[in-house]
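Architecture and fold: a report
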Amino acid sequence: MPIIVNLDVMMAKRKISLNELSERVDLTLSNLSILKTGKARAIRFSTLDAICKALDCQPGDILEYVSDEKRTTNR
């Protein structure tokens, strides 16, 4: 999938644990973990909004588009 989730990077920059973020955005640990590992197939704007507020960041800090062509050349 050409969308890369950099949630773990932003969490590390903000020095926040998965447990703490889960409490702040009112998401279960398992759902947040699925998003963090890039296994999510979709994200609600309300969830993205809550994560951005909790991490004081922009959606582009969390989500990144990388074309399939670029991904195969970088391997």
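These numbers were taken from a predicted model, which means no experiment stands behind them. (Residues numbered from 1 in each chain as written. Predicted model: local features only at pLDDT ≥ 70, side-chain atom pairs only at ≥ 80, totals over all residues. Heavy atoms only, no water.)

The next point concerns the nonpolar core. Within the largest apolar cluster, 17 residues are counted, with the highest numbers of intra-cluster contacts made by Leu 7, Leu 21, Ile 51, Leu 55 and Ile 62. Mapped by element, the contributors of at least two residues to this core are α1 (7-14), α2 (18-25), α3 (29-36) and α4 (45-55). The element contributing the most residues to this core is α4, with five residues. With near-sequence residues (within four places) excluded, Leu 55 lies in contact with Leu 7, Met 10, Met 11, Arg 14, Ile 16 and Leu 21. (Core = buried A, V, L, I, M, F, W, Y, C linked by side-chain atoms within 4.5 Å. Buried < 20%, exposed > 50% of the residue type's maximum accessible area, 1.4 Å probe, protein only. Helix = DSSP H or I, 4+ residues; strand = E, 2+ residues; numbered from the N terminus. Contact = heavy atoms within 4.5 Å.)

The next point concerns the confidence of the model for the protein chain. Of all residues in the protein chain, 89% have pLDDT values of 70 or greater, and the mean over the chain is 91. At the low end of the mean pLDDT range in the protein chain sits helix α6 (residues 68-73), at 64; at the high end sits α4, at 97. (pLDDT = per-residue confidence, 0-100.)

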